[in-house]
There are 2 protein chains.
Amino acid sequence: MTNLHRIQQHVLEILTQVKNQLQADLSYQTIQIKSSSTDLVTERDKSVEQQIITYLKNYFPEAHFVSEEGFGDHVNNLQGLVFFVDPIDGTMNFIKAHDQFASMIGVYLNGQPLFGAIIDIIEDQLYYGGAGLGSFVNGRKLPQLIDVPLSQGLVMISNRFLNDVPYQNVKNQSSGLRVFGSAGISFTRLLRGSAILYISKLKPWDMAAGWAIGKPLGLIMRTIDGTPISMLKSQTVIIGTRCATEEAERILS
Amino acid sequence: MTNLHRIQQHVLEILTQVKNQLQADLSYQTIQIKSSSTDLVTERDKSVEQQIITYLKNYFPEAHFVSEEGFGDHVNNLQGLVFFVDPIDGTMNFIKAHDQFASMIGVYLNGQPLFGAIIDIIEDQLYYGGAGLGSFVNGRKLPQLIDVPLSQGLVMISNRFLNDVPYQNVKNQSSGLRVFGSAGISFTRLLRGSAILYISKLKPWDMAAGWAIGKPLGLIMRTIDGTPISMLKSQTVIIGTRCATEEAERILS
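Each chain has its residues counted from 1, following the order in which its sequence is written. Chains carry letters from A onward and ligands carry numbers from 1 onward, assigned in written order. Local features are withheld for residues below a pLDDT of 70 in this predicted model, meaning they are given only at 70 or higher, and side-chain atom pairs are given and counted only at 80 or more; totals for whole chains, interfaces and linings count all residues. Neither water nor hydrogens contribute to the side-chain values; these are computed over all heavy atoms in the structure.

1. What to know about the relation of the copies chain A and chain B
Stage number 1. Copy-to-copy superposition: least squares on the C-alpha atoms, limited to residues that have pLDDT of at least 70 in both copies. For the pair chain A and chain B, the superposition axis carries a translation of 0.0 Å, the fit reaches an RMSD of 0.0 Å, and the rotation angle comes to 180°. Taken together, the rotation angle and the small translation identify this as a two-fold axis. When C-alpha distances to the rotation axis are compared across chain A, the minimum falls at Val179 of chain A, with a value of 2.3 Å.
Stage number 2. Here a residue-residue contact requires only that any non-hydrogen atoms of the pair lie within 4.5 Å. The overlap is high: 100% of the interface residues of chain A also sit at the interface in chain B, so the same surface is used on both sides.

What follows is the structure in structure tokens.
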């Protein structure tokens, strides 16, 4: 029997451990000294992923793990309990800016979102929740999102899409564009209602946590090409409040 | 005789007062309740500007004031001591996101930067300095900026320019694009070396403070059309470390 509160407890515990370590890394300037060393960051990314998966496997030996750096399982279906792990999301921000990066864990049962957690390492803000629990930031319940038109909200569109006129048209019809360079940080802006739309090409571990937390708050998520969302592959997705998402889809179609 | 330390003392004092009030505004949710009310925000913008100018005029009665909301003077030359005041920079972020907005004061003597201060209200980070003082964040000295090629740093380009291919080429040659929607916040990213380039159309009060703090750290600032920088009008400017700025100029020319 899957115990949702037990999942919550262990996911939040390991993300808090990771946050404390990454904050210490930066304050001791181990990263800053070699700020151009992507190798060093890749090593840190790998070690954090291994730490998260080792910790969780101990409590959930029956689960499968999908992750970026290779310590996960080779998963080709989503039966049972699956954890999606992104140890450091927003690597370029981690290297260059020392802020606006996140660690994320999404937990799915038979392909359906069960629980998600995103920790903004520098801001020390932990977003978490799921359909059976409600959604929270640092213990405070997040309100249902307000469904405003595209013209009344900020949109986030990944850099790579901004060369294309249809995506430019989406941002031009909004209140303004923001680009944060991290899926995790972008999801937190949707969750707290600061932005109403996010378009990006995302891997399963980029979107699993944010979708689990945001769906109960009223977010919708669709692929740009109309295919079903799959947590087994990369997809270009549009995530947002309903009005804004549907307006953007009309602009892009 | 202009006393630089007296200017620093009073500018930092009034910005700290403003920060405390704006933080209280948001925590009491006076803004959140009417988050779509731009009128309310405009009123707040005006009252903060009036507060700053009233405070500073008391200590510097000989100075002139250039500001957004109309409480400044009609200045048509830059002789003597001039304060450039931006009470709330990043208004859309203030309204929609409740973060990433700033208050800024730049102080110029006979048209030359003397002192600048930018306070990131939510992060509680106060950047300040000038040629005669060095540049600081919350009392910690900021290091000289490292002059890396465009390909090795993050760039910030205002939304409005991203529809144009030459500006897309600049971002495409960089490590990545960030869009924060606030000149003040964008300047703080340059000052701490998180980003290496910023292109935007700026009013004098948008750039006066950041330029005064950043010039001693090695930033350069030029207009896109090659005309001299003027603190009397709006201009499209490119600000950054030397290599990146010159590479971007070649791409745009």
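After that view of the structure, there is still more to cover.
2. Thoughts on the sheet that holds strand β3 (residues 102-109) of chain A
Residue and element names in this part refer to chain A.
Stage number 1. Spatially, the seven strands line up as an open sheet ordered β1-β2-β3-β4-β5-β6-β7, and their pairing is mixed. Each edge of the open sheet is held by one strand with a lone partner, namely β1 (64-67) and β7 (140-141).
Stage number 2. When DSSP finds at least two bridges between two strands, those strands are taken to pair. Strands here are runs of E lasting at least two residues and helices are runs of H or I lasting at least four, both read from the DSSP assignment and numbered beginning at the N terminus. With five bridges connecting them, strand β4 (residues 112-120) and strand β5 (residues 125-130) associate as antiparallel partners. Its bridge partner lying in β5, Ile118 is registered against Tyr127.
Stage number 3. This element, helix α6 (residues 183-191), spans β2 (81-89), β3, β4 and β5 of the sheet and lies at about 105° to β4.
Stage number 4. Of the strands in this sheet, β1, β2, β3, β4, β5 and β6 (134-137) are in contact with helix α7 (residues 204-214), which crosses β4 at around 100°. Fitted lines through C-alpha atoms give the axes, limited to the stretch in contact for helices. The angle between two N-to-C directions lies from 0 to 180 degrees.

3. Here we look at the packing of aromatic side chains
Stage number 1. Planes of paired rings set the category: under 30 degrees apart is stacked, over 60 is edge-to-face and the rest tilted, where pairs are Phe, Tyr or Trp rings (Trp by its six-membered ring) whose centres lie within 6.5 Å. According to the stated counting rule, one finds 16 aromatic pairs over all chains in the structure shown.
Stage number 2. On the numbers, 6.0 Å between centres and 80° between planes, the contact of Phe187 of chain A with Tyr198 of chain A is edge-to-face. Placement of Phe187 of chain A in helix α6 and of Tyr198 of chain A in strand β10 (residues 197-202) is noted, with a sequence separation of 11 residues between them.
Stage number 3. Partly exposed residues are those whose accessible area sits between 20% and 50% of the maximum for their type, while under 20% is buried and over 50% is exposed, using a 1.4 Å probe and protein chains only. Looking at Tyr198 of chain A, the relative accessible area reads 4%, which means it is buried.
Stage number 4. Summarising the aromatic geometry, the rings of Tyr55 of chain B and Tyr59 of chain B are spaced 5.0 Å apart at their centres and angled 50° between planes, so their arrangement reads as tilted. Pair noted here: Tyr55 of chain B and Tyr59 of chain B are both in helix α3 (residues 38-59), with a separation of four residues, about one helical turn.

4. Examining the interface of chain A and chain B
Stage number 1. If you look at the interface, chain A gives 27 residues, while chain B gives 27 residues.
Stage number 2. When two parts are put together, the accessible area they lose, computed with a 1.4 Å probe and summed over both, is reported as buried area. In total, about 2300 Å² of surface goes out of reach between chain A and chain B, with carbon and sulfur atoms giving 38% of it.
Stage number 3. In what follows, salt bridge is the name for a side-chain nitrogen of Lys or Arg lying within 4 Å of a carboxyl oxygen of Asp or Glu. In this structure, the connection of chain A to chain B is made through four salt bridges.
Stage number 4. Pairing of N or O atoms within 3.5 Å defines a polar contact, subject to two protein rules: one partner must be a possible hydrogen donor and the other a possible acceptor, and residues neighboring in sequence count only if both atoms are side-chain atoms. Where chain A packs against chain B, one counts 17 residue pairs in polar contact (both at pLDDT 80 or more).
Stage number 5. Put simply, the parts of the chain that give the side of chain A that touches chain B at least two residues each are α4 (91-97), α5 (165-172) and β9 (176-178) of chain A.
Stage number 6. At four residues, α4 of chain A tops the list of elements feeding residues into the side of chain A that touches chain B.

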